[in-house]
Amino acid sequence: MKPEMIITNAKVLTMDEARPRAEAVAFGGGRIIAVGGRADVEALAGPGCRIVDAGGRTLLPGFVESHLHLVLGGNELTQLQLGGVSGFEELARFFRAYAAKNPELPLLMAQGAAYEILDHPVTRHDLDRVIADRPIAMMSPDHHTVWANSAALEAAGLLHGADMPAGHVVVMGEDGTATGELLEFEAFSPVLALTGDLHLQLGIATGGEPDPWPSAEQRAKDKEKVAAGLAHCAAHGITSMVNMDGNRYTCVLLKEMEAEGRLTARVKVPFHFKPHMDLSELDRASAMADEFQGEWVTSGFVKMFQDGVVDSRTAYMLHDYPGTTERGAPLFPPDRFNDICAEIDRRGLQIAVHAIGDGAVRQTIDGYEAARQRNGVRDSRHRIEHIELIDRADVPRLGALGITASLQPPHPPGAMDFPMSSMELVFHRHRWPDAFLTKTLADHGAPLAFASDWPVTDVSVMRGIQAALTRVPYEGAGDERVGLMEVLYAYTAGGAWAAHRDSLTGTLRAGLAADLVLVDGDIEAIPAEQMGRTGIALTIVGGRATHDPFGMAQGSA
Ligand SMILES: [Zn+2]
């Protein structure tokens with residue numbers, strides 16, 4: 001195979017121990033052909049080979065996003081974006097322009113509305129003055145609050161209040177009607193349902209399949225949303241991703257896009273096992289694993305939620321939350337969870353469990369241990385998502401059992417976009433040293449994979465790198481930063497290993513897929529606090545450019 005393209009004069013960080021640094025990479029036919037010094041690699045160029053001078057920029061394996069929600073994020077990108085919008089006049093102008101452009105939408109939904117977008121707390125009356133005759137709503141950047149106008153509240157059946165589980169609130173005014181402020185998912189999901197694309201939420205909500213199966217016309221609309229999400233990720237250098245909700249429909253959309261030449265990242269999609277399901281439903285997980293095992297769309301793993309989140313005190317803790325007698329509860333009884341893990345593992349599938357509280361983390365480790373006891377040691381690479389609090393006794397168990405810590409550098413309060421308030425409210429001061437551990441887990445042998453959980457936080461890998469490198473220790477806690485190379489490893493090779501994709505991607509070496517990202521600068525020279533403002537100069541997946549703002553991969557050779 002002759003190279004089709006050579007990227008040279010680069011600082012190549014391969015993430016391959018056998019050859020960590022190089023100057024040039026040649027690739028063709030979707031595969032890496034050579035990694036080495038400039039002279040050696042450039043000598044491989046034949047007629048028609050395009051040579052790209054990287055100008056000393058850093059070339060890395062394409063980023064592996066280890067935990068995101070592609071369909072949900074893509075869907076949001078097609079909605080009105082209110083980031084940076086401030087004041088009534090601007091808000092009204094944005095909404096009215098969006099309304100004029102989208103006369104057919106049953107709900108005008110906006111994202112990224114700052115809590116302080118108006119100079120007072122937003123009410124439905126404010127939004128009625130924006131648009132009164134159509135349902136409109138807007139979501140806060142942290143995805144925990146929605147504000148809706150009267151038409152939306154009426155259509156969703158919330159105007160006169162509704163019974164809600166603890167922590168989910170339809171805020172009521174003194175006049176006995178809803179103010180328009182809706183706190184947490186259960187409270188605002190009736191409004192979101194008005195969009196008419198609730199079938200796209202099934203992967204996270206129920207794990208079920210759309211019924212009736214979406215028509216070709218509906219699938220075309222859905223694929224536009226996925227395409228928006230993929231383009232957004234490509235611009236951030238992402239070439240592989242692990243979707244953390246899913247069903248067969250998600251895989252089918254992605255397979256159709258692959259056939260249409262529109263799939264610009266390798267995507268792994270789980271079967272989502274819910275607490276009410278019978279073990280026999282795992283047949284669907286096995287069927288998905290068998291049906292989707294190409295280089296682009298794969299399944300082969302099962303996602304579960306062991307608990308909720310700290311903000312609503314639904315994360316399952318070993319001790320009561322500060323000032324309360326509650327500690328949350330696991331979503332699965334322990335014995336049953338062990339049986340489920342053993343059964344998934346017996347089927348040769350991987351397990352990924354959302355576990356945030358230290359109680360949830362312990363019960364999840366116990367489940368993986370039970371699976372190992374019953375089925376023996378195999379290359380399972382089970383993983384735990386988030387791990388916001390862990391009991392010290394459990395720290396070495398991850399490494400010992402080979403459990404990946406799938407962590408999100410943007411998530412620790414104070415590290416990126418999340419305020420410190422949840423640390424103050426839900427974590428006892430004396431437990432701060434056990435919260436959001438990274439280095440401690442790595443030092444005890446846990447493999448690391450990094451992610452954003454987009455659209456919960458910004459998908460930008462460069463901002464995530466900055467968050468990982470600049471995080472300030474919590475009062476009384478140790479320094480949980482890891483070094484630049486470990487951060488980069490967790491965003492590339494570590495993520496690929498955790499997704500069972502390391503024989504395909506995640507390192508730069510001959511024979512692997514030509515998945516590369518060119519960072520717009522020398523990553524070892526960029527100050528940590530400027531990392532997040534550093535751009536992506538080129539993203540290549542399977543040898544094809546998916547983000548090329550400078551036209552480096554364009555034109556004739
Ligand atoms: Zn998630």
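Please refer to the structure higher up on the page.
Residues numbered from 1 in each chain as written. Predicted model: local features only at pLDDT ≥ 70, side-chain atom pairs only at ≥ 80, totals over all residues. Heavy atoms only, no water.

Section: unusual backbone geometry
A cis amide bond links Asp211 with the next residue in sequence, Pro212, at an omega value of 5°. You can see Pro212 is positioned in the loop between helix H7 (202-205) and helix H8 (216-235). The omega torsion of the bond from Trp454 to Pro455 falls at 10°, within 30 degrees of zero and hence cis. Mapped onto the secondary structure, Pro455 falls in the loop between strand S23 (448-450) and helix H16 (461-470). Phi is positive for Asn9, which is not a glycine, with a value near 55°. Residue class for Asn9 comes out partly exposed when judged on its relative accessible area of 23%. (Helix = DSSP H or I, 4+ residues; strand = E, 2+ residues; numbered from the N terminus. Buried < 20%, exposed > 50% of the residue type's maximum accessible area, 1.4 Å probe, protein only.)

So, H8
With 20 residues, H8 should cover 28 Å at 1.5 Å per step; its first-to-last C-alpha distance of 28 Å lies within 8% of that length. Looking only at H8, the buried set comprises Arg219, Asp222, Lys223, Lys225, Val226, Gly229, Leu230, Cys233 and Ala234. Packing partners of the buried residues in H8 comprise strand S8 (63-68), helix H2 (70-77), strand S15 (238-243), helix H9 (248-259), strand S25 (536-541) and strand S26 (544-547). Two residues or fewer past H8, Gly237 is found with a positive phi of approximately 85°. (Expected span 1.5 Å × (residues − 1). Contact = heavy atoms within 4.5 Å.)

Comments concerning the coordination of the zinc ion
In the first shell of the zinc ion, the protein supplies His67 (NE2), His69 (NE2) and Asp453 (OD), at 2.1 to 2.2 Å from the metal. Counting gaps between the donor residues of the zinc ion yields the pattern H-x1-H-x383-D. Note on accessibility: His67 and His69 belong to one class, buried. (Donors = N, O, S within 2.8 Å, 3.2 Å for Na, K, Ca; no water.)

Topic: the sheet that holds strand S11 (residues 136-139)
The 6 strands are arranged S9-S10-S11-S12-S14-S13 in an open sheet whose pairing can be described as mixed. Each edge of the sheet is formed by a strand with only one pairing partner; in this case those strands are strand S9 (80-81) and strand S13 (169-172). Sheet analysis places strand S10 (residues 108-111) next to S11, joined by 3 bridges and oriented parallel. Bridging across to S11, Ala110 finds its partner in Met138. (Pairing = 2+ DSSP bridges.)

Here's the deal with the packing of H2 against H8
Where H2 contacts H8, the axes come no closer than 7 Å and their chain directions differ by 95°. Considered as vectors, H2 and H8 are oriented roughly perpendicular to each other. Between H2 and H8, the residues in contact are Leu70, Val71, Gly74, Asn75 and Leu77 and Lys225, Val226, Ala228, Gly229, Leu230 and His232, respectively. Partitioned by chemical class, the residues of the contact of H2 with H8 number 6 nonpolar, 4 polar and 1 charged. (Axes fitted to C-alpha atoms, helices over the stretch in contact; angles between N-to-C directions. Parallel < 35°, antiparallel > 145°, perpendicular 65-115°, else oblique. Nonpolar A, V, L, I, M, F, W, Y, C, P; charged D, E, K, R; others polar.)

Some points on the side chain of Thr177
The residue Thr177 is located in the loop between S13 and strand S14 (178-183) in this model. Of the polar contacts made by the side chain of Thr177, one reaches the side chain of Arg124; its length is 2.7 Å. Contact partners of Thr177, with chain neighbours within four places excluded, come to Arg124, Leu159, His160, Val171 and Met172. (Polar contact = N/O pair within 3.5 Å; in protein donor to acceptor, adjacent residues only side chain to side chain.)

Examining the nonpolar core
With 86 residues, the main nonpolar core has Phe63, Met304, Leu398, Leu441 and Ile465 as its most contacted residues. Top element by residues in this core is H9. It accounts for 6 residues. Not counting chain neighbours up to four residues away, the residues in contact with Ile465 comprise Phe63, Leu484, Val487, Leu488, Tyr491 and Met531. (Core = buried A, V, L, I, M, F, W, Y, C linked by side-chain atoms within 4.5 Å.)

A word on the packing of aromatic side chains
Per the stated rule, a full pass over the model turns up 9 aromatic pairs. Their ring planes at 50° and their centres at 5.8 Å tell us that Phe332 and Phe337 sit as a pair that is tilted. Arranged with centres 5.9 Å apart and planes meeting at 65°, the rings of Phe427 and Phe436 form a pair that is edge-to-face. With relative accessibility at 3%, the residue Phe427 sits in the buried group. These aromatic residues form a ring-pair network of at least three members: Phe63, Phe450 and Tyr491. The ring centre of Trp296 lies 4.2 Å from the NZ or CZ of Arg266, which sits over that ring. (Phe/Tyr/Trp six-rings, centres within 6.5 Å; stacked < 30°, edge-to-face > 60°. Lys NZ or Arg CZ within 6 Å of the ring centre and 35° of its normal.)

Some words on the sheet that holds S23
Spatially, S17-S19-S20-S21-S22-S23 is the arrangement adopted by the 6 strands of the open sheet, whose pairing is parallel. Because the sheet does not close on itself, it has two edges, and the strands there are strand S17 (271-272) and S23. Pairing of strand S22 (residues 404-407) with S23 involves 3 bridges; the strand directions are parallel. Within the sheet, the bridge partner assigned to Leu407 lies in S23 and is Phe450. Against the sheet, helix H12 (residues 358-375) engages strand S20 (350-355) and strand S21 (383-386), with an angle of about 165° to S20.

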